[in-house]
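Here is what each chain is made of, one letter per residue.
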Amino acid sequence: MKYEYVLAVSCLFLFIGCHQQNLESLSVISLNEGWSYKEVGGNHYGAATVPGTIHTDLLNNGQIEDPFEGTNEKDLQWIDKKDWVYETSFVLSKETCDKDRLELHFNGLDTYADVYLNDHLILEAFNMHREWTVDVKSFIKEGDNKLKIYFHSPIKRGLELYDASPYAYPANNDQSENGGLKNKKVSVFTRKAGYHYGWDWGPRFVTSGIWRSVELRCWNDLNIQSVYIKQPSVSAEKAKLVACLDINSEKKINGEIKIFNHSDHVEVANMTVQMKKGINNISLAFEIINPKLWWPNHLGAPNIYNFEAQVLVDGSIVSKKSLSIGLRSVKLVREADKDGESFLFEINGVRVFAKGANYIPNDSFLPRVTKADYEKVVADAVDANMNMLRVWGGGVYEDDYFYELCDRKGIMVWQDFMFACSMYPGNDEMLENIEKEAIDNVTRLRNHPSIVLWCGNNEINTAWHQYGEGGWGWKERYSKEQQKEIYKAYTDIFHKILPKVVADLTDLDYWPSSPQAGYEPNRHASDVTTSGDMHYWGVWHALHRFEDFDKYKSRFMSEYGFQSFPDFETVKTYTTPNDYDIESDVMTAHQRSGIGNLRIKEYMGWYYNIPKDFEQFLYMSQVLQARGICMAIEAHRRAMPYCMGSLYWQINDCWPVASWSSTDYYHKWKAVHYAVRDAFKPIMISTVNKGNNVDVFVVSDLLKDKNAQLKMQVIDFSGEVLFQKTDDITINKNTSTKLEVLKTSNISHFKKSENILVLSLFENGKKISTKIHYFDVPKNLKLPKTDISIDIEETKEGTYLNVSSNALVQNLYLYDKRSGLVLQDNYFDLLPGETKRIKVLSSTYSVNLDSVNYRYIRC
């Protein structure tokens, strides 16, 4: 998009000295109330909630059972084969109807929707990811107005497109069989959240409905449609900025444009401009001296500036728009080196190790996600010492509030476009639809400082594997001519349309596909590539051992993971006691990876004794997951600066299920989330068994060196000290440092099945990091019987549990058998003679000793 570019000199006078009259005419009328739904040709009808979905409306009206309970999912597949009509009415005054412009704006329609206003067809929508605006001045009337939306079945529309296509497209995660479609994978033909059709962690609920808000926008003269604060040059000394405004004017008009920095209470730019009828693209350049920069979590404050753009006519404000942004420089650094090519993010000139997770939608039914849900998942990331979330390409471009939270909390966002694990049609209609989808969402999200990268898709480059052998066997299904057609669509979308939108509308870098070993489409990623990013699934899919995380390292690990079950309280929300077997029908229905439950059991047998008790097995699955993911994170961080990112799969769930998540559907922390919090701390001690020796590393994300003392002790499981030493060390800034090798052959009476290594870092006498290292896998350890003591301490600051034991306890899990106990720490190792003081963060019931239970690893 081209902007009329005018250099505007900063006024630099106090905002409080401005006294313009506010004649802004924009009014926004919410149309979310009074909706009803009815089944076309059927008997289901009732009051509707907007935003909402047909599934949740049917549930709220008692017409279906809870989709998440038991095996109800399979009984609800009829819903997506039906058409549905939604209707409401609203009353407008003459004053509103007389305004120059009246627009109906739909923030999200899911998905094939014919919109009627007062019986006039005004819109045919066909993309869930787009916003839709219609000028309704000629259709609106004073008094009563009727709004009707006819939602066509996404499955029937998809089948029409499938049958008209000369061939089917690969879409591995489309659970067409569960939907009664046999092998007809229709998801690729519809621009809709891919996970709605099922995934290997999610159910198949292909929704329809008004999934985001509806509003009527009315104004006179002109309206600021959007403001973008471009950041061509940002440093600690000066930020050179450009305010880019899109102004929709009803007529040719002279006006004055002003930009205010409310954070510093100054006007920073103004200009006089003659606007034409229609869209006016105006730019104003300005500077901020010594700006307060936006920083990722733990590297500095995520400072936010509040700006306001105003358009004045004859000295009065006729339109204004506010926005909050963070000032930062961001760059994806890809530099050739002796190993290959780097892949890392540089923020404000600092090369940052990305610590975080992949993020999926918080619910199968998106309108049920509340602000509290967003606040919890972002807080969970911050509390686990993360600085990045990857918004994965099989979901949705998230709600603005999610990005606002990431802005405020210093969480960088790797943002995928919504394409994942499929090839897509490349006809003109589809390409135009995709381009407009990209423009809508990049425009909406581009002011968020948290977004540091736009990525074209998830895993498609690797899966199709156009050049050479490899991939997922997709292209081999097609003739050479068909391969050419399908791949042309791929390059049109991911190497032409999407990068152009990003370049035209933002200052950010674009990455075509994750994973990829380089920007060019022939640079396919693998487990051994030394450039680009990597998805390593040797652990899990290929039965690699956890120790192989240390072997297969990448420049940036953007996916890896391991599954666990949620805790027993969550499992009880979708089961009955008859289902308490990991191979029961219900437990299988809530495990979408076909190999999942038995794969967990197989890995468990490698490292632990497999319990027969159902509840203990659920607990042990979480302990196992925590072990694997922590071994991965430590391997990645030890490899700094060769590796500069570690994003595990995944932080959250969209329903209660066995999955790769670290927090379950109810945002309860699994064992792995507590472990990740420790593994992602700014300063971390890491250890690796190397035969009879132990390599010791210290890793720091901080931007200054530290002098510290490292204390090492080898003790037995009862606490007797066999060996100890303390060394002065330097913790080098923003890198990994190998400290020394501990040779166990030099320790008298050493037994790897009966001893542990305890490492502690001190700075000026204060402990800043600890690590407990085991010389053997847990199932080989000769763990003693323990006497665990728990006391409750009430203080002004809250309730605490004081926990101690006479001998080593591994992965102690404390819980309230009545449910609802949330602790500051859990699933921890308890050293012999140690008393651990744990704060109670929340509890459904008052905490008492009779209700506090525990689990731990038993011989």
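Quick caveat, the model's predicted, so the values are computed rather than measured.

Caption draft 1: Highlighting the overall build of the protein. Along its length, the protein carries 15 helices and 44 strands. Taking the principal axes of its C-alpha atoms as reference, the protein extends roughly 90 × 65 × 65 Å. Of all 859 residues assigned to the protein, the portion counted as buried reaches 60%. Of the contacts made within the protein by residues no fewer than 6 positions apart, 71% connect residues no fewer than 24 positions apart. Accessible area for the protein stands at about 33,300 Å²; split by element, carbon and sulfur atoms hold 47% of it.

Caption draft 2: Up close: the sheet that holds strand 38 (residues 788-795). Strand order in the open sheet formed by four strands is 38-39-43-41, with antiparallel pairing between adjacent strands. Every other strand in the sheet has two partners, leaving strand 38 and strand 41 (822-823) as the edge strands with one partner each. Judged from the eight bridges that link them, strand 38 and strand 39 (residues 798-805) form a sheet pairing that is antiparallel. The partner of Ile-788 across the bridge, within strand 39, is Ser-805.

Caption draft 3: Broad picture of the sheet that holds strand 9 (residues 120-126). Spatially, 5-4-6-11-8-9 is the arrangement adopted by the six strands of the open sheet, whose pairing is antiparallel. The two strands at the open ends of the sheet, each matched to only one other strand, are strand 5 (45-47) and strand 9. Put simply, the sheet's adjacent strands are angled 20° from each other on average, direction ignored. As defined by bridge partners, strand 8 (residues 112-117) adjoins strand 11 (residues 143-151) across five bridges and the pair is classed as antiparallel. In the strand pairing of strand 11, Leu-117 is matched with Leu-147.

Caption draft 4: Examining the confidence of the model for the protein more closely. Taken over all residues, the pLDDT of the protein has a mean of 95, while the share at 70 or more is 97%. Taken as a whole, residues 1-18 scores under 50 in pLDDT and shows 51 contacts with residues more than four places along the chain or in a different chain.

Caption draft 5: The arrangement of the pairing of strand 21 (residues 344-347) in detail. Here strand 21 shows two buried faces, one formed by Leu-344 and Glu-346 and the other by Phe-345 and Ile-347. Where strand 21 and strand 22 (residues 350-352) come together, three bridges link them in antiparallel fashion. Bridge pairing in strand 22 links Phe-345 to Val-352. Connecting strand 21 to the antiparallel partner strand 22 that follows it, the hairpin turn spans two residues, and Asn-348 within it adopts a positive phi of roughly 55°.

Caption draft 6: Just the packing of helix 14 (residues 614-638) against helix 15 (residues 671-679), in detail. One way to put it is that helix 14 packs onto helix 15 with a least axis distance of 8 Å and a crossing angle of 20°. Put simply, helix 14 runs roughly parallel to helix 15. Crossing geometry of helix 14 relative to helix 15 is assigned as right-handed. In this structure, helix 14 uses Gln-622, Val-623, Gln-625, Ala-626, Ile-629, Cys-630, Ile-633 and Arg-637 to contact helix 15, whose residues at the interface are Ala-671, Val-672, Ala-675, Val-676 and Ala-679. In terms of residue class, the contact of helix 14 with helix 15 is built from ten nonpolar, two polar and one charged.

Calculation criteria
Residues numbered from 1 in each chain as written. Predicted model: local features only at pLDDT ≥ 70, side-chain atom pairs only at ≥ 80, totals over all residues. Heavy atoms only, no water. Helix = DSSP H or I, 4+ residues; strand = E, 2+ residues; numbered from the N terminus. Buried < 20%, exposed > 50% of the residue type's maximum accessible area, 1.4 Å probe, protein only. Contact = heavy atoms within 4.5 Å. Areas by Shrake-Rupley, 256 points an atom, 1.4 Å probe, with all protein chains shown as cover. Pairing = 2+ DSSP bridges. Axes fitted to C-alpha atoms, helices over the stretch in contact; angles between N-to-C directions. pLDDT = per-residue confidence, 0-100. Parallel < 35°, antiparallel > 145°, perpendicular 65-115°, else oblique. Left-handed = near helix turned anticlockwise from the far one by under 90°. Nonpolar A, V, L, I, M, F, W, Y, C, P; charged D, E, K, R; others polar.

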